[in-house]
There are 2 protein chains.
Amino acid sequence: MRKERILAGALQVFKKNGLDGATMDEIANASGFGKATLYYYFKSKEDVLTAILLDGWLKIWESLEPVIANQQSPRKTFVNVLIKIAENAQNRPGLFEFLFNVPKAIKIENQPWKEYQERLYSVIRGLLEDGVKSGEFPNINPNLMFKALGGLFMGLVFMGDREEPVTDKDVEKLLNQLITDPTISHN
Amino acid sequence: MRKERILAGALQVFKKNGLDGATMDEIANASGFGKATLYYYFKSKEDVLTAILLDGWLKIWESLEPVIANQQSPRKTFVNVLIKIAENAQNRPGLFEFLFNVPKAIKIENQPWKEYQERLYSVIRGLLEDGVKSGEFPNINPNLMFKALGGLFMGLVFMGDREEPVTDKDVEKLLNQLITDPTISHN
DNA sequence: TTATTTATCGAATTATTATTCGAAATTTAG
DNA sequence: CTAAATTTCGAATAATAATTCGATAAATAA
């Protein structure tokens, strides 16, 4: 669809030039439309950005819902959530790094995508808390674990130029490197 | 000095409105000068931003040099480095969060402060590597550890509204929560 | 004190770019 | 095929904000 094409072009340009470096002219070029056509589909430049973000977060969230619904142990669910996010990231390269970094660069008020972002974060926090309670995770402050994992996980998914999908092996390795699962004996 | 005053005002405005939301008018107000005066001291708006960043990174680096020079075990040095950074952050609140986040929002080419940032990061990586070699840190990929610590440390220093300085106890706790020091037995 | 240099400033200028316009092209409906 | 509705567009407009100008004022030097 047209909107999708514009959004894709805009993403390219936003990533290349930054949020303000990006001009509507360049976005028009990148998406293969005339400048005025952008305004046929979107109210403003800001509206374009918001649409990218909303679309992105919404799709992450939707892809996660079944994983979360499918009740398993906190640790299992947690691993599956990370895998699913990594999957998303690999399907639409470039988008996700953007999703996770842009919020730092803009005023986030009444941003419709914020809700989905928050849902995701609170699910993750919840899983960590439950896992600690149930003894699947060691007794670490879940907030700290959340932050540490943030850094690690971004590294795993975004930094490397890996083509292969992230497996549960990868995620388990990540977890084990970071925190020791008390239910498994290492050697 | 005048320049300092302008930089301080500019920092406020940059933080409040974002890099592009910030106008020279507002910076002039915030720093108590006329708009034209800014251009007496700085070539351009970008020049102001660069000056903030250069000044900030330079000061971090200078404060770290003695800590690094004062050769101790990697782990000790590492702890001291983190403490020193936290000290910096608490002395000039607001600046450091800015220093660590802004790079994500701008094109970083020929940025003079980049060098100091890189020095810092490479020192930290080096300490982690040495610590792993010497057995003071467990055998974790130093890059991963670096990323995880990034998230944690930022949390410790920036998130909380703590007034008290960060102590080596805090940092050791951080380390222990994250990774198990094989030379110490826990219970 | 007076001349010169250094600082300061608000108003004008300029540049950039988002947004709108008005016309054309294309598609859809009858 | 023709008329209406939808889509497209480059050129004009408008808004915003960076930068420069042309004075003054303040400090310094003689």
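Cut-off values and rules
- Per chain, residue numbering runs from 1 following the sequence as it is written.
- By the order in which they are written, chains take letters starting at A while ligands take numbers starting at 1.
- Residue-level local features of this predicted model are given only where pLDDT is at least 70; pairs of side-chain atoms are given and counted only at 80 or more, and the full residue set underlies all totals for whole chains, interfaces and linings.
- With hydrogens and water set aside, each side-chain value is computed from the structure's full complement of heavy atoms.
- The numbering of helices and of strands both runs from the N terminus, where a helix is a DSSP run of H or I of at least 4 residues and a strand a run of E of at least 2.
- Exposed residues in this analysis have more than 50% of their type's maximum accessible area, buried residues have under 20%, and partly exposed residues fall in between, with area computed by a 1.4 Å probe over protein chains only.
- Should any heavy atoms of two residues lie within 4.5 Å, those residues are counted as being in contact.
- Accessible surface is estimated by sampling points in the Shrake-Rupley manner with a 1.4 Å probe; for residues, cover comes only from the protein chains shown.
- All tallies of charge rest on Lys and Arg as positive and Asp and Glu as negative; His and the ends of each chain are not included.
- Every charge is mapped to an atom, namely NZ of Lys, CZ of Arg, CG of Asp or CD of Glu.
- Residues are counted as near a molecule or strand when any one of their heavy atoms sits within 4 Å of it.
- Polar contact criterion, stated in full: a pair of N or O atoms within 3.5 Å, where within protein one must be able to donate a hydrogen and the other to accept it, and residues adjacent in sequence count only if both atoms are side-chain atoms.
- Note that Gly is not counted as nonpolar here; it falls among the polar residues with everything else outside the nonpolar set of Ala, Val, Leu, Ile, Met, Phe, Trp, Tyr, Cys and Pro and the charged set of Asp, Glu, Lys and Arg.
- Each domain's extent was defined by an automatic or database domain assignment.
- Buried area counts how much accessible surface, traced with a 1.4 Å probe, disappears from two parts once they are put together, with both parts' losses summed.
- The salt bridge criterion pairs a side-chain nitrogen of Lys or Arg with a carboxyl oxygen of Asp or Glu, the two atoms within 4 Å.
- Per-residue confidence from the predictor is given as pLDDT, running between 0 and 100.

Peer 1: Sorry if this is basic, but what is going on with the overall build of chain A here?
Peer 2: Counting secondary structure elements, chain A contains 9 helices and 0 strands. For chain A, the N- to C-terminal ordering of α and β elements is α-α-α-α-α-α-α-α-α. Taken over the C-alpha atoms alone, chain A extends approximately 60 × 35 × 25 Å along its principal axes. For chain A, with 187 residues in total, the buried portion stands at 45%. Contacts in chain A between residues far apart in sequence, at least 24 positions, make up 67% of those at least 6 positions apart. Accessible surface, chain A: about 9800 Å² in total, of which carbon and sulfur atoms supply 51%. The positive charge centre, built from 23 side chains, and the negative charge centre, built from 24, are 3 Å apart in chain A.

Peer 1: Got a minute to help me understand the protein's contact with DNA strand C in this structure?
Peer 2: Near DNA strand C you find 16 residues, and of these Met 24 of chain A together with Gly 34, Ala 36, Tyr 40 and Tyr 41 of chain B are the closest. Sugar and phosphate atoms represent 66% of those atoms of DNA strand C found within 4 Å of the protein. Measuring from a phosphate oxygen of DNA strand C, one finds a backbone N or O atom of Gly 34 of chain B at 2.5 Å. Between a phosphate oxygen of DNA strand C and a side-chain N or O atom of Tyr 41 of chain B, the distance comes to 2.5 Å. Contributing elements (two or more residues each) for the surface near DNA strand C: helix 3 (35-41) of chain A together with helix 3 (35-41) of chain B. Sorting elements by how many residues they give to the surface near DNA strand C places helix 3 of chain B first, with 5 residues.

Peer 1: Sorry if this is basic, but what is going on with the protein's contact with DNA strand D here?
Peer 2: As a matter of local geometry, DNA strand D sits amid 16 residues, with Gly 34, Ala 36, Tyr 40 and Tyr 41 of chain A together with Met 24 of chain B nearest to it. Backbone atoms, meaning sugar plus phosphate, form 67% of the atoms of DNA strand D positioned within 4 Å of the protein. Gly 34 of chain A is positioned such that a nitrogen or oxygen atom in its backbone is 2.5 Å from a phosphate oxygen of DNA strand D. Take Thr 37 of chain A: an N or O atom from its side chain is 3.0 Å from a phosphate oxygen of DNA strand D. At the level of elements, helix 3 of chain A together with helix 3 of chain B are the ones that each hand at least two residues to the surface near DNA strand D. No other element matches helix 3 of chain A, which puts 5 residues into the surface near DNA strand D. In terms of residue class, the surface near DNA strand D is built from 8 nonpolar, 4 polar and 4 charged.

Peer 1: Explanation requested: the domain arrangement of chain A in the structure shown.
Peer 2: Residue and element names in this part refer to chain A. Domain boundaries in chain A define domain 1 (1-42) and domain 2 (45-178). Contact residues are listed per partner, giving 11 residues for domain 1 and 14 residues for domain 2. Across the domain 1 to domain 2 interface the summed buried area is about 1200 Å²; carbon plus sulfur atoms make up 76%. Where domain 1 touches domain 2, the interface holds 1 salt bridge. A salt bridge links Lys 15 to Glu 97; the shortest N-O distance between them is 3.6 Å.

Peer 1: I keep staring at the confidence of the model for chain A and nothing clicks. Help me out?
Peer 2: Low-confidence regions, as indicated by low pLDDT, have predicted coordinates that should not be scrutinised in detail. Here chain A averages 85 in pLDDT, and 91% of its residues register 70 or above. In the predicted structure, residues 180-187 of chain A sits below a pLDDT of 50 and forms 13 contacts with residues beyond four places in sequence or in another chain.

Peer 1: Even after reading the chapter, I still don't get the pattern of salt bridges, so can you show me in this structure?
Peer 2: One side chain can pair with another of opposite charge once the charged atoms of both are near each other. Going through the model one piece at a time under the given rule, you end up with 16 salt bridges over all chains. We note a salt bridge from Arg 119 of chain A to Glu 115 of chain A, for which the minimum N-O separation is 2.4 Å. Of this pair, Arg 119 of chain A and Glu 115 of chain A both sit in helix 7 (residues 114-134), separated by 4 residues, roughly a single helical turn. According to the relative accessible area criterion, Arg 119 of chain A is partly exposed, its value standing at 30%. The class of Glu 115 of chain A is partly exposed, set by a relative accessible area of 40%. For Asp 55 of chain B, the salt bridge is made with Arg 92 of chain B, and the minimal N-O distance between the two is 3.6 Å. Here Asp 55 of chain B is found in helix 4 (residues 45-69), whereas its partner Arg 92 of chain B is found in the loop between helix 5 (74-91) and helix 6 (95-101), with 37 residues between them in sequence. Through salt bridges with shared partners, a single ionic network connects Asp 55, Lys 59 and Arg 92 of chain A.

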